[in-house]
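# Close look at the chain arrangement
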Amino acid sequence: MAASFLSRGVGLFRLSRKTTALLSGSRCFSQTEPEPLTVKQQQDGIRRIILNNPRKRNALSLSMLESLRENIVTDLNSDDLRVIIISARGPVFSSGHDLKELTSAQGRDYHTKVFHTCAETKELQTLHNLLKLLVQDLTTRVMTLIQDVPVPVIAMVNGVATAAGCQLVASCDVAVVTEKSTFATPGVNVGLFCSTPAVAIGRAVPRKVAMEMLFTGTPISAHDALLHGLVSKVVPEERLEEETLSIAKRVCQASRPVVALGKATFQRQMAQGRDAAYATASKVMVDNLALTDGQEGIRAFIEKRKPVWSHKVEKAHD
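Residues numbered from 1 in each chain as written. Predicted model: local features only at pLDDT ≥ 70, side-chain atom pairs only at ≥ 80, totals over all residues. Heavy atoms only, no water.

## So, the overall build of the protein
- Scanning the protein from terminus to terminus reveals 11 helices and 11 strands.
- The buried share among the 318 residues of the protein stands at 45%.
- Sequence-distant contacts, at least 24 apart, represent 66% of the contacts inside the protein between residues at least 6 apart.
- Accessible surface, the protein: about 16,500 Å² in total, of which carbon and sulfur atoms supply 54%. (Helix = DSSP H or I, 4+ residues; strand = E, 2+ residues; numbered from the N terminus. Buried < 20%, exposed > 50% of the residue type's maximum accessible area, 1.4 Å probe, protein only. Contact = heavy atoms within 4.5 Å. Areas by Shrake-Rupley, 256 points an atom, 1.4 Å probe, with all protein chains shown as cover.)

## So, the pattern of salt bridges
- Tallied over the full model, the rule gives 12 salt bridges.
- Linking Arg 48 and Glu 241 is a salt bridge whose minimum nitrogen-to-oxygen distance equals 3.3 Å. A residue pair is termed long-range when its members are at least 10 positions apart, and Arg 48 in strand E3 (residues 46-51) and Glu 241 in helix H8 (residues 240-252) qualify at 193 residues.
- The class of Arg 48 is buried, set by a relative accessible area of 6%.
- A salt bridge links Glu 296 to Arg 305; its shortest N-O distance comes to 2.7 Å.
- Ionic contacts of the salt-bridge type, sharing partners, join the residues Glu 296, Arg 299, Glu 303 and Arg 305 into one network. (Salt bridge = Lys/Arg side-chain N within 4 Å of Asp/Glu carboxyl O.)

## As for the pairing of strand E8 (residues 174-178)
- Across the five residues of E8, four count as buried, placing the element largely inside the fold.
- When strand E6 (residues 153-157) meets E8, the two strands line up parallel, connected through four bridges. Counterpart to Ala 155 in the pairing with E8 is Ala 175.
- Pairing of E8 with strand E11 (residues 233-235), which is carried by three bridges, proceeds in the parallel orientation. The partner of Thr 178 across the bridge, within E11, is Val 235. (Pairing = 2+ DSSP bridges.)

## Considering a nonpolar patch on the surface
- On the surface, a nonpolar cluster with roughly 330 Å² of combined accessible area is contributed by Val 188, Phe 193, Met 211 and Phe 215.
- With respect to the secondary-structure elements, Phe 193 resides in the loop between strand E9 (182-184) and helix H5 (195-202).
- With relative accessibility at 35%, the residue Phe 193 sits in the partly exposed group. (Patch = residues over 30% accessible without salt bridge, like charges linked within 9 Å, V, L, I, M, F, W, Y side chains within 5 Å.)

## Quick notes on the environment of Leu 81
- With respect to the element layout, Leu 81 can be found in the loop between helix H1 (62-73) and strand E4 (83-88).
- For Leu 81 and Arg 47, which are 34 residues apart along the polypeptide, the C-alpha to C-alpha distance reads 6.9 Å.
- Sequence-distant contacts of Leu 81, that is, excluding residues within four places in its chain, are made with Gln 42, Gly 45, Arg 47, Asp 75, Leu 76, Val 151 and Arg 256.

## Some points on the confidence of the model for the protein
- For the protein, the average pLDDT comes to 85, and 79% of its residues sit at 70 or higher.
- Of the regions scoring below 50 in pLDDT, residues 1-30 engages in 67 contacts with residues more than four places distant in sequence or in other chains.
- This stretch, residues 109-125, has a pLDDT under 50; its non-local contacts, to residues over four places away or in other chains, come to 25 contacts. (pLDDT = per-residue confidence, 0-100.)

## A closer look at the nonpolar core
- Ranked by size, the top nonpolar core spans 45 residues in total, and within it Ile 86, Phe 183, Leu 230 and Val 231 carry the most contacts.
- Among the nonpolar cores identified, the runner-up in size contains 12 residues, and Ile 154, Val 176, Ala 248 and Cys 252 belong to it. (Core = buried A, V, L, I, M, F, W, Y, C linked by side-chain atoms within 4.5 Å.)

## Overview of the layout of surface pockets
- Computed from the structure, the largest pocket encloses a volume of approximately 760 Å³.
- In terms of lining residues, the largest pocket is bounded by 29 residues, among which Gln 147, Ala 170, Ser 171, Arg 203 and Gln 267 are the most central.
- Every element with two or more residues in the lining of the largest pocket is listed here: helix H3 (127-148), helix H4 (164-171), E8, H5 and helix H9 (256-270).
- Among the elements that make up the lining of the largest pocket, the one with the highest residue count is H9 (six residues).
- Residues that form the lining of the largest pocket fall into these classes: 16 nonpolar, 10 polar and three charged. (1 Å grid on protein atoms, 1.4 Å probe; cavity = no way out; pocket = protein on both sides within 12 Å on 5 of 7 lines; lining within 4 Å. Points joined across faces, edges and corners; volume = space filled by probe spheres on them. Nonpolar A, V, L, I, M, F, W, Y, C, P; charged D, E, K, R; others polar.)

## Thoughts on the sheet that holds strand E5 (residues 92-94)
- Across the sheet, which stays open at both edges, the four strands sit in the order E5-E7-E9-E10 with mixed pairing between neighbours. Looking at which strands have only one partner, the edges of the open sheet turn out to be E5 and strand E10 (220-221).
- Of the strand pairs in this sheet, E9 and E10 are connected by two bridges, and their pairing is antiparallel. Considered in E10, the bridge of Thr 182 is made with Ser 221.

## Observations regarding H9
- Counted at 1.5 Å a residue, the expected span for H9 with its 15 residues is 21 Å, and the 21 Å between its end C-alpha atoms agrees.
- Considered for burial, the residues of H9 that qualify are Arg 256, Pro 257, Ala 260, Lys 263, Thr 265 and Gln 269. (Expected span 1.5 Å × (residues − 1).)

## Looking at the packing of aromatic side chains
- Counting across every chain of the model gives one aromatic pair.
- Ring geometry for Phe 193 versus Phe 215: centroids 6.1 Å apart, planes at 50 degrees, classification tilted. In this pair, Phe 193 is assigned in the loop between E9 and H5 and Phe 215 in helix H6 (residues 207-216), connecting sequence segments 22 residues apart.
- Residue Phe 215 is classed as exposed on the basis of its relative accessible area of 52%. (Phe/Tyr/Trp six-rings, centres within 6.5 Å; stacked < 30°, edge-to-face > 60°.)

Here it is in structure tokens:
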């Protein structure tokens, strides 16, 4: 399904900085440059980011993570962006980290350069610990970015999602998956416990379900993932795009600043105790009412008409 997007015109595509240009309105790359790791296209407020390395099971290598991050943050504050959909080419949504990058083969200098934001290397005892910390740093920044951006992020999954790939699904605000999709955290079986994926997964499913996944690495089905809260909806493969776009289009009908305020507040209050969460939410409800779009929505309801959103963070009153 995602492969069909690669044949569309150049006007729909925005590729990462590591890719070559599209020619003659269709996908055409020079022989000396590889295909992009991710493909980005945007239309009618919906940005689609496609993981585009099926030969390597869409592994979240350092380059893939950087490309994904760039695709998310580009023009992030534009009023034209209302929702992001992350999907993948091939039968594997993402197999997680590229384990070849977790060895010392590439060398300390390479990894230190790639992960320049980690400054605690002098306190580490081994290169193995250094590599784990550095990979976790970039992965964590991408996963938290998904939850912190002001627009909803939807995972559209048609296949296998394991380890950090499963973490990616759990980090998205909504996940629509096909009946054949499966989810697992098999790191324990290769000697690298899925500790960072456990942060997102453990906040999405019950504790004992998460622990069984982490201790055994056994995959769970799409329907079990739905039952436990890891995904939002399970659909037949032929309806995946239709169902996902239906949700995205509904999001686009709402006010951008109202959605942004609501998403940020939901994430914040979920980390708080009950009383603090109510205090936070109550204050934000008042702030929401002060927005121009907040007042427009109320007026439209009273006047029995459709609201006309400004999509601007403007106040109707103090």
